[in-house]
Structure formats: C-alpha cells, structure tokens
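Residues per chain, in single letters:
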Amino acid sequence: MKRYLSILIILIMCFICGKAFSWFWGEDYLAKVNQETIYIEDFQKRLSELHRQGSMQRSKGRAAQIDLRVALEEMIDDYLLYQEGYRSGLDKDPEFIRRSNAYLEFQSILRLRREEIKDNIKVEEDEIKAFYEENYKKSGQEGKTPPNYVKVKGKIKKKIYKTKEKELERQYINKLKENAKIEIYTDVLSSLGNTKKDGKRVVASINGKPVLVSDLEKEYGKSIQGKKEEEAKKIRKKALDGLIEYLLIKEDALNHNYPQEDPPFGKMIAQYRIRLMNFIFNTRIISPQIRVTEEDLKEYYKKNKEKHRLPDRFKLKIISLKDEKEANKLHKELEAGANFNRLARSASDSMQGDNSTNTSWWYNRNLSDPIRSVVEGMKVGDISRVIKDRSFYKIVKLVDLKKGAIINYPKVKGMIKTKLGREKFQSLLNKYLKMMRENSSIKINEDVLKNYEMKVKNERK
C-alpha cells in the first residue's frame, strides 16, 4: 500500500510541476522530424544565429517581429535535408568529412585551451597593486605624478593576464612534448627543395604518426620566397616546431572526446553538421541540375525591359522652410495661382529657408525618401503638397523629367543569369523538400510552440 501511495504522490508532483517533470511525459520537445528531435533550446539557438547573421529585418535598432512558425518550418527543412543527405551517402563526401573534422578539431582545441589555461588564470587585487607600485610609482620619473590607480587598473590586469597565459601555454606544451615521442628527420628538413616530390616525404613523426613535407609547406607558405638558403632553413625549422606543437594540442584535444563527454558540446557539433550537410546537398544535388540557357536570359530580358532602366532624373524647384505654418500659407498661395519662383525668392529673402530660383537635376536614388515618394507620382508642371523632410517643410515643383534609358542586354546579362539561377535553384529545392515532407513523419508540439510564442510576445512589450 505504501508503495502505491509513493507512486501516486510522484504522479501528482509531476502533474503539478508541469515542465519540471516534462521528461516524464515526453512532451518537452518542440518538434520531431522522423528520428530527430528539436528542443526549445535548439530553436532558441537557431533564432540567435539568424540575428547574428543579420538575416532578419531590423526596426529602430531592434529585431523585427519574427514569425516563429515560419522559422520553425525552415529549421525542419534543414533537418529533412540533413537526413536525406545521409540517405544519399553525402556523409562520405570528402568535403563534408574535411569540414566536419576541421570544425570538431577547432572547437575541441578551444575547449581544451579554456580548461587547461584560461580557467586556471586568476589575477588578484594585490598582484595588480604590486605591479602598479613597481612599474608606475617606483619606475616613474622624479617630479612626475604617477597615473591614477583606478584608471590604469584594467590595463594592468590585462598585462598580468597575458603574462600568465603565455606561461601556462608554455608549461602545457612542454608537458605534451615530454609525454610524446617526437622524431625530426633533420636530413629531410635540411635537404628540402621546391620539387613536387618533396611533399610526400616524411619530415617528422609524433607518436608514430608521420608529418609530411606537404603539411610543413602549408605552415610556412610563401615566407621563404626570396630568402637565402640559411634563412630559409631557419624559417622551415621554426615552422616545423610550431606545427608539431599544434599537432600535439590537436591530438590531446581530440583524445578528450568532448562530443561524448559533454552533451551540449556534442549538440553544437551536431548542429554544425546539419548546416554543413545542407550546404553539401545544395552543392552536390541541387546546383548541378540548374541550367540557365541563352534563350531563358533573352526571354526574361524581353519581358522585363522596364526593370532594367537607368535611374530617372527629375528637374526640381524646391521651397524649403523651417516653419510649418509658413509652408502651408505659401502652399495655399501656390494653389491660388501664385508664381513659384517669386515665392521661392521671398522665402529665401526672409531667411526662413534655404531656397533658390535655380533648378537642379536629381536622380531618384539621391532624393530623400519623403521627397522621392511624392515626386515619383507627379507629372511635369505639378506642385507637391507640403512635405515634412527631417527638420524642414518643403514644396516641390517638377519642372522636367527624363526617364532612364533601358540598359542594353549584354550589360545586364550576368545579373539576369544570377537571378534566374537563384529562382530555379529555389524552385527545385522546394520540390525536393515537398517530396521529403510527404515521405516523412513531422510532428510539432503546438502547446510548446504557443507557450514560447506567448513568452516572446510578452518580452516585446
């Protein structure tokens, strides 16, 4: 009886605590795409990435309101492409393997560096004060007041931090070298030339793993060009030392197996592989099928000539005033038949604005948004309403208009080809995604999505 009572209490607590025990009911996911699960934290990271990439429109310094459902559907598409890529064997693609490994190595080294070095650096207040006393007070010239401690404290802390960082780095690398079996084949190193055959030779080994000359050449690059042989040898030797240190660090970082030991780290790597697979899928499957013929280009140009005009030019007279009431008064006079040039001169003479009877030619792209939006709807001879343009109130007369000439086909051919290529690419990609969706199991947890939408909405208030 007591056992059943305990189970009942646990169930009640799960019900009361809701999300705290959502794992019990299996309802903590945002969406499921076949065998893959998208959790709310995955979606949040996706949105953060979009913000950083500047993919979302911004309004008044804030990110524009996002249609979260659309963003989620796009994320589901990413998972579908990732899964299809694996089914197609694209995970064996050399480019996918190379980039995946490079990203894992890079992130693992960053993680190892933080654990072995950065997390072990502490700069205490007494160290900062001692440095200040030694380097700013005692070493200062007589008769000069040392800088204020508070003002230089941050600078001193950075110097001490950098010094400790270098010391720990050297200690760590020396430890790796002590525990490794390193062999440098000096005969190969000293006899290196510029022949392509050299690349396959082994110049060193680390724990039995060969270091090829081709790897070393990538390290020193073009730095030996124009150098005398003795100096070139020194450059090669220094480059080899640096390469060995890097390879030791990389080996140690990968041996930590962070993706398995740390689930968040593993998820970060997995998310990168999803994005990378999308790129590989688009490159290997979609792009090769895109064909834009000369007939396609000419047909598009023929149907869309008006889209390929040079900017229109407007010949304008402008009355610009700082007083809105005065601007409205002049506008009424113009409606009654007053001479535009005379009123422009009077406004200039009375120092109420910056006006002239001279006319100026303007490209539409050079006009301010308020002026352009009005002028583009005017006919030659028309006089505008009073237009608020920053701190001025303006009245514009359209004196003349020259439509931009249509650009010749050869000059826009490349631009049209890019545009049509993108359109065909997106169309074909959409067909693939439609087919994938029809053959996949996709489930969105509407309750979790609605709760998150409500949370975002409240945060925007």
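*Asks:* Which residues make up helix α17 (residues 409-438), and what values go with them?
*Replies:* Across its 30 residues, α17 extends 42 Å between first and last C-alpha, which sits within 8% of the 44 Å expected from 1.5 Å per residue. The sharpest bend along α17 reaches about 30 degrees and sits at Met415. Tucked into the core, α17 has its buried residues touching α4 (68-87), α12 (263-286) and α13 (294-303).

*Asks:* Account for the sheet that holds strand β12 (residues 442-444), naming residues and giving values.
*Replies:* The sheet built from three strands is open, its strands ordered β2-β1-β12 with antiparallel pairing. Strands with a single pairing partner mark the edges of an open sheet, and in this sheet they are β2 (36-39) and β12. Taken over all neighbouring pairs, the strand axes of this sheet differ in orientation by 15 degrees on average, direction set aside. As defined by bridge partners, strand β1 (residues 29-33) adjoins β12 across three bridges and the pair is classed as antiparallel. The partner of Ala31 across the bridge, within β12, is Ile444.

*Asks:* Can you break down the pairing of β2 residue by residue, with the values?
*Replies:* Bridge count for β1 against β2 is four bridges, and the pairing is antiparallel. Residue Ala31 lies in a different strand from β2, and its bridge partner there is Ile38. In this structure, the hairpin formed by β1 and β2 is closed by a connection of two residues, where Asn34 is found at a positive phi of approximately 55 degrees.

*Asks:* Lay out the packing of aromatic side chains with the relevant residues and their values.
*Replies:* One pass over the structure, following the stated rule, counts eight aromatic pairs. Measuring from ring centre to ring centre gives 5.0 Å for Tyr82 and Tyr86, while their planes differ by 65 degrees; the resulting arrangement is edge-to-face. Here Tyr82 pairs with Tyr86, and both are found in helix α4, just four residues apart, close to one helical turn. Aromatic side chains Tyr86 and Phe96 sit 6.2 Å apart centroid to centroid with 90 degrees between the ring planes, which places their arrangement in the edge-to-face category. With a gap of 10 residues between them, Tyr86 in helix α4 and Phe96 in helix α5 (residues 94-116) connect regions that are remote in the sequence. The structure contains a cluster of three or more aromatic residues connected by ring pairs, namely Tyr82, Tyr86 and Phe96. Above the plane of the ring of Tyr393 lies Lys388, whose end atom (NZ or CZ) is 5.5 Å from the centre.

*Asks:* Requested: an account of unusual backbone geometry, with residues and values cited.
*Replies:* One non-glycine residue, Asn34, lies in positive phi territory at about 55 degrees. With respect to the helices and strands, Asn34 occurs in the loop between β1 and β2. Judged by its relative accessible area of 29%, Asn34 falls in the partly exposed class. One non-glycine residue, Asn257, adopts positive backbone phi at about 50 degrees. Mapping Asn257 onto the fold places it in the loop between α10 (229-255) and α11 (258-261).

*Asks:* Any chance you could break down the nonpolar core for me, citing the residues and the numbers?
*Replies:* By size, the foremost hydrophobic cluster in this structure holds 74 residues, and its most contacted members are Phe43, Leu72, Ile76, Val203, Leu216 and Leu240. When sequence neighbours within four positions are dropped, the list of residues in contact with Leu240 reads Ile184, Leu189, Val203, Ala204, Val211 and Leu216. Judged by nonpolar contacts, the second largest core, of 13 residues, contains Ala327, Leu330, Leu334 and Leu343.

*Asks:* Residue-level account of the environment of Phe265, with values.
*Replies:* Residue position: Phe265 is located in helix α12. Judged by relative accessible area, which is 6%, Phe265 ranks as buried. The sequence separation of Phe265 and Leu104 amounts to 161 residues, and the corresponding C-alpha distance is 9.8 Å.

*Asks:* Describe the pattern of salt bridges, listing the residues and the values that go with them.
*Replies:* According to the stated counting rule, one finds 33 salt bridges in the structure shown. Its salt-bridge partner being Arg111, residue Asp262 comes within 2.6 Å of it at the nearest N-O pair. Of this pair, Asp262 sits in the loop between α11 and α12 while Arg111 sits in helix α5; the two residues are 151 residues apart in sequence, bridging distant segments of the chain. Classification of Asp262 by relative accessible area gives buried; the value is 18%. Taken together, the shared-partner salt bridges in this structure form one network comprising Arg113, Lys118, Lys162, Glu165 and Glu169.

*Asks:* Break down the packing of α5 against α12 for me, with residues and values.
*Replies:* For any two helices packed against each other, the geometry is given by the interaxial angle and the distance between the axes. Running from amino to carboxyl end, α5 crosses α12 at an angle of 155 degrees, the nearest separation of the two axes being 10 Å. Relative to α12, α5 is oriented roughly antiparallel. The way α5 lies across α12 gives a crossing that is right-handed. Contact residues: α5 offers Glu95, Phe96, Arg99, Ser100, Tyr103, Leu104, Gln107, Ser108 and Arg111, while α12 offers Phe265, Met268, Ile269, Tyr272, Arg273, Leu276, Met277, Phe279, Ile280 and Arg284. Of the residues belonging to the contact of α5 with α12, the class tally is 11 nonpolar, three polar and five charged.

*Asks:* Describe in detail the packing of α4 against helix α18 (residues 446-460), supporting the description with residues and values.
*Replies:* Running from N to C, α4 and α18 cross one another at 130 degrees; their axes reach a closest spacing of 11 Å. The orientation of α4 with respect to α18, classified from their angle, is oblique. Taken as a pair, α4 and α18 cross one another with a handedness that is right-handed. The residues of α18 that touch α4, namely those facing Leu68, Arg69 and Leu72, are Glu446, Leu449, Tyr452, Glu453 and Val456. For the contact of α4 with α18, a count of residues per class yields five nonpolar, no polar and three charged.

Conventions and cut-offs
- Residues numbered from 1 in each chain as written.
- Predicted model: local features only at pLDDT ≥ 70, side-chain atom pairs only at ≥ 80, totals over all residues.
- Heavy atoms only, no water.
- Helix = DSSP H or I, 4+ residues; strand = E, 2+ residues; numbered from the N terminus.
- Expected span 1.5 Å × (residues − 1).
- Bend = angle between axes of the 7 residues up to and from the residue.
- Contact = heavy atoms within 4.5 Å.
- Pairing = 2+ DSSP bridges.
- Axes fitted to C-alpha atoms, helices over the stretch in contact; angles between N-to-C directions.
- Phe/Tyr/Trp six-rings, centres within 6.5 Å; stacked < 30°, edge-to-face > 60°.
- Lys NZ or Arg CZ within 6 Å of the ring centre and 35° of its normal.
- Buried < 20%, exposed > 50% of the residue type's maximum accessible area, 1.4 Å probe, protein only.
- Core = buried A, V, L, I, M, F, W, Y, C linked by side-chain atoms within 4.5 Å.
- Salt bridge = Lys/Arg side-chain N within 4 Å of Asp/Glu carboxyl O.
- Parallel < 35°, antiparallel > 145°, perpendicular 65-115°, else oblique.
- Left-handed = near helix turned anticlockwise from the far one by under 90°.
- Nonpolar A, V, L, I, M, F, W, Y, C, P; charged D, E, K, R; others polar.

Remember, this is a structural readout, not a statement about activity or role.
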